[in-house]
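Spelled out from the first residue to the last, the chains are:
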Amino acid sequence: MLDLKRIQENKEKVKELLLRKGYEADFDTILELDIERKKIISEVEQYKAKRNKVSAEIPKLKKEGKPVDGIFQDMRELGDKIAECDEKAKSCEKQIFDLLSVMPNIPDEDLLAGEKENNAVIREVGKKPEFDFEMKNHVDLCTNLGIIDYQRGTKLSGGGYWLYRGDGARLEWALLNFFITEHLKDGYEFILPPHQLGYNCGFGAGQFPKFSDEVYWLDCDEDRTKNRFMLPTAETALVNMYAGEIIDESKLPMKFFAYTPCYRKEAGSYRAEERGMIRGHQFNKVEMVQYAHPEKSMEAFNELVDKAASLIEKLGLHFRVSKLAAGDCSASMARTYDIEVWIPSMGIYKEVSSVSNANDYQARRNNTKYRDSKTGKPAYLHTLNGSGLATSRVFPAIIEQYQNADGSIRVPDVLVPFMGGQTVIK
RNA sequence: GGAAAAGUAUCGAAGUGGUCAUAACGAGCCGCACUCGAAAUGCGGUUGUCGAGUUUUCGGCACAUGGGUUCGAAUCCCAUCUUUUCCGCCA
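It should be emphasised that the depicted structure is a prediction, and the values quoted were computed from it without experimental measurement.

What counts as what
Residues numbered from 1 in each chain as written. Chains lettered and ligands numbered in written order. Predicted model: local features only at pLDDT ≥ 70, side-chain atom pairs only at ≥ 80, totals over all residues. Heavy atoms only, no water. Helix = DSSP H or I, 4+ residues; strand = E, 2+ residues; numbered from the N terminus. Buried < 20%, exposed > 50% of the residue type's maximum accessible area, 1.4 Å probe, protein only. Contact = heavy atoms within 4.5 Å. Lys, Arg positive; Asp, Glu negative; His and termini not counted. Charge placed at Lys NZ, Arg CZ, Asp CG, Glu CD. pLDDT = per-residue confidence, 0-100. Near = heavy atom within 4 Å. Polar contact = N/O pair within 3.5 Å; in protein donor to acceptor, adjacent residues only side chain to side chain. Pairing = 2+ DSSP bridges. Axes fitted to C-alpha atoms, helices over the stretch in contact; angles between N-to-C directions. 1 Å grid on protein atoms, 1.4 Å probe; cavity = no way out; pocket = protein on both sides within 12 Å on 5 of 7 lines; lining within 4 Å. Points joined across faces, edges and corners; volume = space filled by probe spheres on them. Nonpolar A, V, L, I, M, F, W, Y, C, P; charged D, E, K, R; others polar. Patch = residues over 30% accessible without salt bridge, like charges linked within 9 Å, V, L, I, M, F, W, Y side chains within 5 Å. Areas by Shrake-Rupley, 256 points an atom, 1.4 Å probe, with all protein chains shown as cover. Salt bridge = Lys/Arg side-chain N within 4 Å of Asp/Glu carboxyl O. Arc of directions from axis to C-beta. Phe/Tyr/Trp six-rings, centres within 6.5 Å; stacked < 30°, edge-to-face > 60°. Lys NZ or Arg CZ within 6 Å of the ring centre and 35° of its normal.

## A look at the overall build of chain A
Within chain A, the secondary structure is distributed over 12 helices and 17 strands. Expressed as a percentage of the 426 residues in chain A, the buried residues total 49%. For chain A, long-range pairs separated by at least 24 residues make up 73% of all intrachain contacts whose partners lie at least 6 apart in sequence. Taking the 61 positively charged and 67 negatively charged side chains of chain A as two groups, their mean positions are separated by 3 Å.

And the structure:
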């Protein structure tokens, strides 16, 4: 949710920044509605003040035995006026709210305008592995080893689902355990949230109302605000934990991570060209979230980027870090860096982590505040999130980058302890 | 899923149509006094939000949420949510 005050004070600047995201904002309607709203409120408050004053006198008059019928008549009329104004003010507020609800976050000023083509690689780690044999893709490797069962996954649930089997399930679990262990070392609190969330969580995270078709809905109420959905990322849960609360400043930053599967419809996506486990309807992910003081949120952001990168680095995978152009950041985010791992068979880098700073956008939507020690007043805090990491992209990268000539897979050193000492999958 | 009870500030809790909503009473927290210091005691302060002025301020709204009745609702009525207890089901 954007700050109406910031729009009032810097209309053109905000407009320009949003345009970098490819979003053409119309603020005039909203600003007019706000003026109208204030006018009505000023008016109705005078009526209400009068009603309160008169109401307080009625018991006294009654005690003195004075007639009050005439006053009741006047008050009834005043009551009607109040109801009418309240109605109008509410309508203005609702319109303003609805307009603001669908506006994306303002990108940070240093972001370039445009889409993917303007993303900038800011860091590259390791080298593309070279093979002195004919390299295979992860789908063939996994199928031959029997560690991923695509066919039976499809049999159970349709396209975009697979089964992890045997050493495959073990490798997946080892990855998750490795991530969890690393985050615990860094002092993050481990959370296992519900996978089914209420509408308000989707709204708070900024996914709804605009992207409510991208998740799986439970229940059948026609009114989606009454239904629950399967979370598309643990961020949706973590970022709403403190909705409506005022957090003591001394508790910031608060650092969490959660493991959940992520459920996504991925309707109309690139399924055809993305075989295997690159894009599924259900994948495992460990997600990191920080609640930060606004002045410290860049610091938190850098920490999250470094954490995500260090996980891949420890796995010994070749990857790069990209700073996304404004238009490639998701709607809720002011700034995003992607960590992309090399998938040899595809000849491209694929996102394994997306680290973002929402600034106060999510906090405004779900009303999460901290008490500022300087002013003593509550203020919106900043929320940040980053995958740490999504296994479904790391897994194929490991399979492909660690493949041997005979089709077996060497287990990355850091995972060996989590695989019970096993060093090769064959 | 069924039944009953409950939801008021940081916590416990009183208020059951107007005079007791910033909200009694108790505790916590902050400041001051007493003290060499602490404890104890005493005094004062301690919600959020919106609007108008912006140096002191004034006013509206909020008693789980949303409606309704009324000149007037924490209080009466309806719906929803949550919690607790009991019953049912269950890993």
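After that view, the rundown keeps rolling.
## Here's the deal with the confidence of the model for chain A
On average, residues of chain A score 91 in pLDDT, and 97% of them reach the 70 mark or higher. Both scores are available for the predicted complex, with the pTM at 0.91 and the ipTM at 0.84.

## Some points on the protein's contact with RNA strand B
Around RNA strand B, 20 residues are found, and the nearest of them are Lys62, Arg76, Lys90, Lys369 and Arg371. Here, RNA strand B places atoms within 4 Å of the protein, and 64% of those atoms are sugar or phosphate. Glu45 places a polar side-chain atom, nitrogen or oxygen, 3.0 Å from a base nitrogen of RNA strand B. The separation between a phosphate oxygen of RNA strand B and a polar side-chain atom of Lys369 is 2.8 Å. Among the elements that line the surface near RNA strand B, the one with the most residues is helix H3 (residues 28–63), at 13 residues.

## Considering the sheet that holds strand E8 (residues 254–263)
Overall, mixed pairing links the 8 strands, which are arranged E1-E10-E11-E12-E15-E9-E8-E4 in an open sheet. The open sheet has two edge strands, strand E1 (120–125) and strand E4 (189–191), and neither has a second partner. Strand-to-strand, the axes of this sheet are offset by a mean angle of 25°, without reference to chain direction. Most of the contacts of helix H7 (residues 167–185) go to strand E9 (residues 282–292), to which it runs at about 10°, and overall it touches E4, E8, E9 and strand E15 (382–390). Helix H10 (residues 297–314) contacts E1, E8, E9, strand E10 (319–323), strand E11 (335–343), strand E12 (348–357) and E15 of the sheet and is inclined by roughly 0° relative to E15.

## A few points about empty space enclosed by the protein
Unoccupied space between atoms shows up once a probe the size of one water molecule is rolled over them. A complete count under the given rule lists 1 cavity of 30 Å³ or more for this structure. Together, Ser101, Val102, Met103, Pro104, Gly206, Phe208, Pro209, Lys210, Phe211, Ala331, Tyr361 and Arg365 line the largest cavity. In the lining of the largest cavity, the residues fall into 8 nonpolar, 2 polar and 2 charged.

## Regarding unusual backbone geometry
With an omega of -5°, the peptide bond running from Leu252 to Pro253 counts as cis. Between Gly388 and the following residue, Leu389, the backbone shows a cis peptide bond with an omega angle of 0°. Among the structural elements, Leu389 can be located in strand E15. Even without being glycine, Asn359 reaches a positive phi, approximately 50°. In this model, Asn367 sits at a positive phi of 60°, which is unusual for a non-glycine residue. By the element assignment, Asn367 lies in the loop between helix H11 (361–366) and strand E13 (369–371). Looking at Asn367, the relative accessible area reads 36%, which means it is partly exposed.

## A short note on the pairing of E8
Across the 10 residues that make up E8, a large majority, 9, are buried. Where E4 and E8 come together, 3 bridges link them in parallel fashion. Within E8, the residue paired with Glu189 across the bridge is Phe256.

## Notes on a negative patch on the surface
Where like charges cluster on the molecular surface, the negative patch consists of Glu43, Asp74, Glu77, Asp80 and Glu84. Broken down by element, the negative patch gets its largest block of residues, 4 residues, from helix H4 (residues 69–101). Structurally, Glu84 is set in helix H4.

## A look at helix H5 (residues 138–145)
Of the residues making up H5, those classed as buried are His138, Val139, Leu141 and Cys142. The arc enclosing the buried residues of H5, seen along the axis, measures out at 165°, which places them on a common side. Packing partners of the buried residues in H5 comprise strand E2 (148–149), helix H6 (150–157), helix H12 (391–401) and strand E16 (409–410). One side-chain oxygen at the N-terminal end of H5 lies 2.8 Å from the backbone nitrogen of Val139; it belongs to Asn137. Taken from the residues just after H5, Gly146 is the one with a positive phi, measuring 75°.

## Notes on the side chain of His293
Within the element layout of this structure, His293 appears in the loop between E9 and H10. Owing to a relative accessible area of 12%, His293 belongs among the buried residues under this scheme. A polar contact is formed between the side chain of His293 and the side chain of Tyr370, at a distance of 3.5 Å. The contact partners of His293, leaving out residues within four places of it in the chain, are Glu249, Leu252, Tyr370 and Asp372.

## What about the packing of aromatic side chains?
A complete count under the given rule lists 18 aromatic pairs for this structure. Taken together, a centroid distance of 6.4 Å and an interplanar angle of 75° make the contact between Trp162 and Tyr164 edge-to-face. Residue class for Trp162 comes out buried when judged on its relative accessible area of 11%. Taken together, the ring pairs in this structure connect Tyr199, Phe208, Trp217 and Phe229 into an aromatic cluster. One residue, Lys307, lies across the ring of Tyr188, its end atom 4.5 Å from the ring centre. The residue whose ring lies beneath Arg365 is Phe203, and the NZ or CZ to ring-centre distance is 4.1 Å.

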